[in-house]
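One letter stands for each residue in the lines below.
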Amino acid sequence: MSETSDSTPERQAHLAAADGSVLRADDLIAGYLPGVDILNGADLYCQQGELVGIIGPNGAGKSTLLKALFGLVKVRSGQVSLDGQDVTNQRADVLVSSGIGFVPQSNNVFPSLTIQENLEMGAYQKPKKFNERFEFVTSLFPALGERRGQRAGSLSGGERQMVAMGRALMMEPSVLLLDEPSAGLSPVMQDEVFVQTRRINRAGVSVVMVEQNAARCLQICDRAYVLDQGRNAYTGTGKALAKDPKVIELYLGTLAKA
Ligand SMILES: Nc1ncnc2c1ncn2[C@@H]1O[C@H](COP(=O)(O)OP(=O)(O)OP(=O)(O)O)[C@@H](O)[C@H]1O
Ligand SMILES: [Mg+2]
């Protein structure tokens, strides 16, 4: 298919820029049901230290892309690479020990467990590292340390999101995948989540974040992808995309003018 061939300018640009990246996806075709592809040739890369955003309309395949990167949706064709190694269709628990952290869109904490127990679950593959990682996570999010004995189910949505991100950070991931961390939160808490994401990134963790709050996402990310119908519609720096009239018209709408 010409749209997913190596000869398109978009793919050429991707191939040239993706070299040496910590995480990359090349020409992914993936889906849930036989014969129904949700990803139709998606490309993505994240260089060490980058904060990369993925925005796009509902149903575009944003969550599916993250799940394909994390081994939760079968990749039918194309490749996922971590630090230059092919990790396509590896199991999620293997990917966690190889350096990918994933915070799903919902049900991302154990509500009956305390904050500390949630963080312990995050470190279950490396229990000896618990103290060192607990220190790192609570230095980023002091509230998690102060309230370590509180059950996650009794926390607010924003606090729970902090626990979920903290849990994923316990395994010292080289790249963290976040699926709509600000969804369902009050505007103040949404802002807090963006600040926290930036803080995680500044601490040296590469981040790939899917966001429904597209305008805010473009403000904080280094680069972003606009995903539409399972493939890249636009890509560029967050700043450039936020100013692109087509992106504004099609994907940002009135939010961009706010
Ligand atoms: N478990 C599943 N089984 C079958 N189809 C699914 C499944 N999950 C998602 N889909 C379908 O895949 C398509 C893309 O869904 P996906 O959740 O990746 O979109 P999204 O871009 O994350 O949307 P949203 O902004 O609503 O979160 C949709 O048509 C959806 O119905
Ligand atoms: Mg989604």
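The sections below set out a description of the structure shown in this document. Please read these numbers as outputs of a predicted model, since none were measured by experiment.

Rules used throughout
Residues numbered from 1 in each chain as written. Chains lettered and ligands numbered in written order. Predicted model: local features only at pLDDT ≥ 70, side-chain atom pairs only at ≥ 80, totals over all residues. Pairing = 2+ DSSP bridges. Helix = DSSP H or I, 4+ residues; strand = E, 2+ residues; numbered from the N terminus. Buried ≥ 20, exposed ≤ 12 C-beta atoms within 10 Å, placed from the backbone. Near = placed C-beta within 6 Å. Nonpolar A, V, L, I, M, F, W, Y, C, P; charged D, E, K, R; others polar. Axes fitted to C-alpha atoms, helices over the stretch in contact; angles between N-to-C directions. Parallel < 35°, antiparallel > 145°, perpendicular 65-115°, else oblique. Left-handed = near helix turned anticlockwise from the far one by under 90°. Contact = placed C-beta atoms within 7 Å. Arc of directions from axis to C-beta.

1. A closer look at the sheet that holds strand β5 (residues 85-86)
- As summarised here, the arrangement of the four strands in space is β2-β1-β4-β5, forming an open sheet in which the pairing is antiparallel. Here the strands that pair on one side only, and so sit at the sheet edges, are β2 (39-46) and β5.
- Relative to β2, strand β1 (residues 23-30) runs antiparallel, the two sharing six bridges. If you follow Ile-29 over to β2, its bridge partner there is Asn-40.

2. So, the environment of Val-96
- Along the chain, Val-96 falls in helix α3 (residues 92-98).
- Of the residues examined, Val-96 has 21 C-beta atoms within 10 Å and is grouped as buried.
- Expressed as a C-alpha distance, the spacing of Val-96 and Glu-172, which sit 76 residues apart in the sequence, is 9.2 Å.

3. Section: the site of ligand 1
- Around ligand 1, the neighbouring residues are Tyr-32, Leu-33, Ile-38, Gly-56, Asn-58, Gly-59, Ala-60, Gly-61, Lys-62, Ser-63, Thr-64 and Gln-212.
- Among the residues forming the shell around ligand 1, the class breakdown is four nonpolar, seven polar and one charged.

4. Side note on the pairing of strand β6 (residues 100-103)
- Of the two faces of β6, the one holding Ile-100 and Phe-102 and the one holding Gly-101 and Val-103 are both buried throughout.
- Pairing of β6 with strand β7 (residues 175-179), which is carried by four bridges, proceeds in the parallel orientation. Bridge assignment links Phe-102 to a residue of β7, and that residue is Leu-177.

5. Details of the packing of helix α7 (residues 157-169) against helix α8 (residues 187-202)
- At their nearest, the axes of α7 and α8 sit 10 Å apart, and the two run at 15° to each other. With respect to their mutual orientation, α7 and α8 come out roughly parallel. Note that α7 runs across α8; the crossing there is right-handed. Each of Gly-157, Gly-158, Gln-161, Met-162, Met-165 and Leu-169 in α7 lies in contact with α8, whose residues at this interface are Met-189, Glu-192, Val-193, Gln-196 and Ile-200.
- Looking at the contact of α7 with α8, its residues break down into six nonpolar, four polar and one charged.

6. Brief notes about unusual backbone geometry
- Its identity is not glycine, yet Asp-27 carries a phi of approximately 55°, on the positive side.
- If you trace the backbone, Asp-27 turns up in strand β1.
- One non-glycine residue, Glu-180, lies in the positive phi region at around 50°.
- Mapped onto the elements, Glu-180 comes out in the loop between β7 and α8.

7. Quick word on the pairing of strand β4 (residues 75-82)
- Note that β1 and β4 share six bridges and pair antiparallel. Looking at β4, one finds that Ile-29 is bridged to Ser-77.
- In the sheet, β4 pairs with β5 via two bridges, with the strands oriented antiparallel. Bridged to Ser-81 within β5 is Asp-86.

8. As for helix α11 (residues 245-252)
- Taken as a whole, α11 has its buried residues at Val-247, Tyr-251 and Leu-252. The buried residues of α11 all sit within an arc of 75° when viewed along its axis, so they share a single face. In α11, those exposed residues whose orientation departs by more than 90 degrees from the buried face are Pro-245, Lys-246 and Glu-249.
- Directly after α11, the chain includes Gly-253, whose backbone phi takes a positive value near 55°.

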